[in-house]
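Fold and geometry: a report
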Amino acid sequence: MATGSAPGKVILFGEHAVVYGRPAIAAPVSQVAATATVTPGAPGSGCVLDLSDIGETVPVTGASTEQPLALVTKLALDVLGLATPDWRIVLHSTIPVSSGLGSGAAAATAIVRAIAAASDRSLTAGEISALVYQSETLFHGTPSGIDNTVIAYEQPVWFVRGQPPEPFSIARPVTLVIGDTGIASPTSITVGDVRRGWQADPRRYEYVFDAIARATVAAYHAIESGDLAELGRLMNGNHALLQELEVSSPELDRLCAAARQAGALGAKLSGGGRGGNMIALVEPAAAETVASALRQAGTVRTITTTVAACA
Ligand code: MEV
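These lines cover the structure that appears in this document, whether it is placed above or below. All values reported here derive from a predicted model rather than from experimental measurement.

**Section: the nonpolar core**
One finds I25, L231 and M278 to be the most contacted residues of the largest nonpolar core, which totals 102 residues. At ten residues, helix α2 (residues 103–118) tops the list of elements feeding residues into this core. Structurally, this core is a two-domain feature, drawing no fewer than three residues from each of domain 1 (2–159) and domain 2 (174–307).

Dropping the structure here:
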């Protein structure tokens with residue numbers, strides 16, 4: 001038996017604009033995770049994925065490549081030079097799907113890690129990220145690659161599409177309360193809508209993407225210098241720009257307002273938007289007050305996570 005696991009993620013700054021070459025900042029969230037376990041199957045059964053949380057079984061051997069997790073399993077087996085072993089790969093995940101926390105990329109990463117462990121081989125974070133990116137293109141068309149990168153590297157990253165991720169220094173821990181609207185919102189839909197908007201009015205969209213990029217660069221400096229008050233203001237500004245892209249929703253706006261009113265330094269939606277999760281930046285002492293205000297405002301659950309300081 002061999003296992004592999006992978007955390008969820010949040011995007012702190014730059015979602016959507018990152019698809020168009022602007023920078024973004026993201027961090028792993030270890031409070032939620034996907035875990036894959038490889039167990040021997042019956043001789044001649046081939047490789048089968050058991051998506052136990054949704055009660056689905058997907059044969060990998062001979063499966064259509066339309067199934068993203070079957071695709072990444074096949075790719076990982078190929079890269080590791082394993083033909084078609086008789087394996088049952090069982091996947092469990094505590095990451096809500098279509099919620100902006102990277103459930104698809106985490107599931108794929110856990111599977112790749114489990115396959116590598118079962119074959120006693122190791123893959124670099126870059127190799128895992130590249131394999132998972134291919135399944136991401138089936139999940140949502142034109143991914144920037146930020147989800148597979150932050151999840152495979154498991155560290156906060158400054159990310160620009162097509163470039164290796166850059167770690168950066170964090171002067172003071174960044175404590176976030178993540179609030180889930182409970183509304184599933186597939187990234188493929190919001191990314192597709194933004195693309196249609198951009199095609200119809202490129203000048204307006206490019207202007208908003210540039211403004212998001214400026215907020216992301218300023219956030220990078222605020223994180224490096226430990227200026228959390230400024231970081232919070234920048235989050236509020238990034239949320240307003242995402243509203244202009246029409247990827248927010250009344251629920252996300254209400255949760256962000258409730259968090260700010262309860263003392264958060266700033267708040268914004270995180271990920272694809274329209275549903276899914278928002279994040280609130282808090283002083284650690286205010287985390288419980290903000291989490292409780294979010295629950296009262298209708299969030300289905302909250303997670304408090306801290307991005308640790310590092311040199
Ligand atoms: C999804 O986590 C983030 C988006 O920017 C899409 C992407 O980067 O591929 C909305």
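Structure shown, so let's carry the discussion forward.
**Some words on the site of the ligand**
Taken together, 14 residues lie near the ligand, and K9, H16, P143, S144 and D147 sit nearest. At 2.6 Å, a side-chain N or O of S144 approaches an oxygen atom of the ligand. Each residue belonging to the shell around the ligand can be placed in one class, and the counts come to six nonpolar, five polar and three charged. Shared between two domains, the shell around the ligand holds at least three residues of each, these being domain 1 (2–159) and domain 2 (174–307).

**Observations regarding helix α8 (residues 250–261)**
A rise of 1.5 Å per residue sets the reference length of α8, with its twelve residues, at 16 Å; its end C-alpha atoms lie 16 Å apart and thus fit the reference within 8%. Where α8 is concerned, the buried positions are L252, L255, C256, A258 and A259. Viewed along the axis of α8, the buried residues span an arc of 160°, placing them on a single side of the element. With respect to the buried face of α8, the exposed residues turned more than 90 degrees away are P250 and Q261. Looking at the buried positions of α8, the neighbouring elements they touch are β7 (174–180), α7 (228–244), β8 (266–270), β9 (277–282) and α9 (287–296).

**Comments concerning helix α5 (residues 187–200)**
With 14 residues, α5 extends 20 Å from end C-alpha to end C-alpha; this agrees with the ideal 20 Å at 1.5 Å per step. When α5 is considered as a whole, its buried residues turn out to be T190, V191, G192, V194 and G197. Packed against the buried residues of α5 are α6 (202–225).

**What about the packing of aromatic side chains?**
For the structure on display, the rule yields five aromatic pairs. Consider the rings of W158 and Y220, whose centres lie 4.9 Å apart with planes at 65°: the pair is edge-to-face. You can see W158 sitting in strand β6 (residues 157–159) and its partner Y220 sitting in helix α6, a full 62 residues away along the chain. As far as burial versus exposure is concerned, W158 and Y220 are alike and both buried. With 6.2 Å between their ring centres and 70° between their planes, Y205 and F209 make a pair best called edge-to-face.

**Remarks on the packing of α6 against α7**
In helix packing, the relevant descriptors are the interaxial angle and the interaxial distance, both defined with respect to the helix axes. One way to put it is that α6 packs onto α7 with a least axis distance of 9 Å and a crossing angle of 165°. With respect to their mutual orientation, α6 and α7 come out roughly antiparallel. Crossing hand, α6 versus α7: left-handed. Contacts between α6 and α7 involve R204, V208, A211, I212, A215, A218, A219, A222 and I223 on the former and, on the latter, E230, L231, L234, N238, L241, L242 and E244. Residues belonging to the contact of α6 with α7 are distributed by class as follows: twelve nonpolar, one polar and three charged.

**Details of the environment of D193**
Here D193 lies in helix α5. Exposure remark for D193: the relative accessible area of 27% places this residue in the partly exposed category. As a C-alpha pair, D193 and S45 span 148 residues in sequence and 42 Å in three-dimensional space. Polar side-chain contacts of D193 include one of 2.9 Å to the side chain of R274.

**Topic: the sheet that holds β9**
One open sheet holds the four strands; their spatial order is β8-β9-β7-β10, and the pairing between them is antiparallel. Since the sheet does not close on itself, it has two edges, and those belong to β8 and β10 (301–307), each with one partner. Neighbour to neighbour, the strand axes of the sheet diverge by 25° on average, direction disregarded.

**Description of the pairing of strand β2 (residues 24–40)**
Pairing of strand β1 (residues 2–13) with β2 involves eleven bridges; the strand directions are antiparallel. When the bridges of β2 are listed, G8 appears paired with V29. As paired strands, β2 and β6 are joined by three bridges and run antiparallel to one another. Residue pairing in the sheet places I25 in a bridge with W158 of β6. The sheet contact formed by β2 and strand β5 (residues 87–93) spans seven bridges and is antiparallel. Bridge pairing in β5 links P40 to W87.

Calculation criteria
- Residues numbered from 1 in each chain as written.
- Predicted model: local features only at pLDDT ≥ 70, side-chain atom pairs only at ≥ 80, totals over all residues.
- Heavy atoms only, no water.
- Core = buried A, V, L, I, M, F, W, Y, C linked by side-chain atoms within 4.5 Å.
- Buried < 20%, exposed > 50% of the residue type's maximum accessible area, 1.4 Å probe, protein only.
- Helix = DSSP H or I, 4+ residues; strand = E, 2+ residues; numbered from the N terminus.
- Domains from an automatic or database assignment.
- Near = heavy atom within 4 Å.
- Polar contact = N/O pair within 3.5 Å; in protein donor to acceptor, adjacent residues only side chain to side chain.
- Nonpolar A, V, L, I, M, F, W, Y, C, P; charged D, E, K, R; others polar.
- Expected span 1.5 Å × (residues − 1).
- Arc of directions from axis to C-beta.
- Contact = heavy atoms within 4.5 Å.
- Phe/Tyr/Trp six-rings, centres within 6.5 Å; stacked < 30°, edge-to-face > 60°.
- Axes fitted to C-alpha atoms, helices over the stretch in contact; angles between N-to-C directions.
- Parallel < 35°, antiparallel > 145°, perpendicular 65-115°, else oblique.
- Left-handed = near helix turned anticlockwise from the far one by under 90°.
- Pairing = 2+ DSSP bridges.

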